[in-house]
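Given next are the chains, with one letter for each unit.
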Amino acid sequence: ADRITVVPLGVDHAVFHPRAMSESRADLGLAPGVTVMLYVGGMDQYHNLSPLLQALREVAPAELELHLVGDGEYRSRYEQLATGSPVKVVFHGQVPHQRVPVHISAADLCLAPYHTSGFHNDEVAFSTLKIPEYMACERPVISVPSGNIRALITDGVTGFLFNNTAASWSAFLARMPDRASLAAMGRVAGPAVAHLDWRATARR
């Protein structure tokens, strides 16, 4: 172990940085007053949106929308779960990389719902990229308390950490913070990942 150094992924801060939410929402045609939860990434064995979609059938906060950016083999499963949901669920599919920060900046809260059973010993083994990119755009993040994620997100300060189950999601949705509180958390999240930079990664 003393001969091993783990070098984390960086963030391209020229691309992922704070932007005005109002401008991003106008760009995407999103209503200014709704609470937007956003997921960006693959729809595969390493990520699991099913618990959230199931929970939204039971607990549906007013003025909440779920936006999903990305694609994968499980998309049809999620589309089926979203059918008839009391919460608006929008599938954007794949978008150009340069447009991803616009979607993040239009959101109030970003998601990294990893499927821990897809990893050895239920521990997320890789250095997640989406979480620090979300945070660099000054958005709080929901994820699981596993692997390196524990070092990225401070629960209740820069985001929320809980097991990716329908019961956990229902409990969160029932006491979901207001938009002002989420925005305040985002302003703390940005500086927390300022040191994660591709140049620093390359130097190490």
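Residues numbered from 1 in each chain as written. Predicted model: local features only at pLDDT ≥ 70, side-chain atom pairs only at ≥ 80, totals over all residues. Heavy atoms only, no water.

Draft legend 1. Just empty space enclosed by the protein, in detail. All told, the structure shown has one cavity of 30 Å³ or more when counted by the stated rule. One number sums up the size of the largest cavity: a volume of about 30 Å³. Looking at the largest cavity, the residues that line it are Leu 28, Leu 30, Val 36, Leu 38, His 67, His 92, His 103 and Ala 106. (1 Å grid on protein atoms, 1.4 Å probe; cavity = no way out; pocket = protein on both sides within 12 Å on 5 of 7 lines; lining within 4 Å. Points joined across faces, edges and corners; volume = space filled by probe spheres on them.)

Draft legend 2. Focus on unusual backbone geometry. Although it is not a glycine, Glu 63 adopts a positive phi angle of roughly 60°. By secondary structure assignment, the location of Glu 63 is in the loop between helix 2 (50–58) and strand 2 (64–69). Note on Glu 63: relative accessible area 54%, which makes it exposed. At Asp 122, a residue that is not glycine, the phi angle is positive and equals roughly 60°. With respect to the element layout, Asp 122 can be found in the loop between strand 4 (109–112) and helix 5 (130–136). Here Asp 122 falls in the partly exposed class, since its relative accessible area comes to 44%. (Helix = DSSP H or I, 4+ residues; strand = E, 2+ residues; numbered from the N terminus. Buried < 20%, exposed > 50% of the residue type's maximum accessible area, 1.4 Å probe, protein only.)

Draft legend 3. Seen up close, the sheet that holds strand 2. Spatial strand order, 3-2-1-4-5-6: six strands in an open sheet with parallel pairing. Looking at strand neighbours, the two that pair on one side only are strand 3 (88–93) and strand 6 (159–161), the edges of this open sheet. Direction aside, neighbouring strands of the sheet carry axes that sit 20° apart on average. Strand direction decides the pairing type here: strand 5 (residues 141–143) and strand 6, joined by three bridges, are parallel. Its bridge partner lying in strand 6, Ile 142 is registered against Phe 160. (Pairing = 2+ DSSP bridges. Axes fitted to C-alpha atoms, helices over the stretch in contact; angles between N-to-C directions.)

Draft legend 4. Spotlight on the nonpolar core. Within the largest apolar cluster, 61 residues are counted, with the highest numbers of intra-cluster contacts made by Met 37, Leu 66, Ile 131, Ile 142 and Leu 173. Ranked by the residues each element gives to this core, the list is headed by strand 1 (residues 35–40), at five residues. Leu 173 has contacts with Met 37, Leu 52, Ala 55, Leu 56, Val 59, Pro 61 and Leu 64, leaving out every residue within four places of it along the chain. (Core = buried A, V, L, I, M, F, W, Y, C linked by side-chain atoms within 4.5 Å. Contact = heavy atoms within 4.5 Å.)

Draft legend 5. Looking closely at the pattern of salt bridges. For the structure shown, the criterion picks out six salt bridges. A salt bridge links Asp 108 to Arg 25; the nearest nitrogen and oxygen atoms lie 2.7 Å apart. In this pair, Asp 108 is assigned in the loop between helix 4 (100–105) and strand 4 and Arg 25 in helix 1 (residues 21–28), connecting sequence segments 83 residues apart. Judged by relative accessible area, Asp 108 falls into the buried class, the value being 5%. Owing to a relative accessible area of 2%, Arg 25 belongs among the buried residues under this scheme. With a shortest N-O distance of 3.1 Å, Arg 150 and Glu 123 are connected by a salt bridge. Here Glu 123 lies in the loop between strand 4 and helix 5 and Arg 150 lies in helix 6 (residues 149–152), a separation of 27 residues in the sequence. The class for Arg 150 is partly exposed, based on a relative accessible area of 45%. (Salt bridge = Lys/Arg side-chain N within 4 Å of Asp/Glu carboxyl O.)

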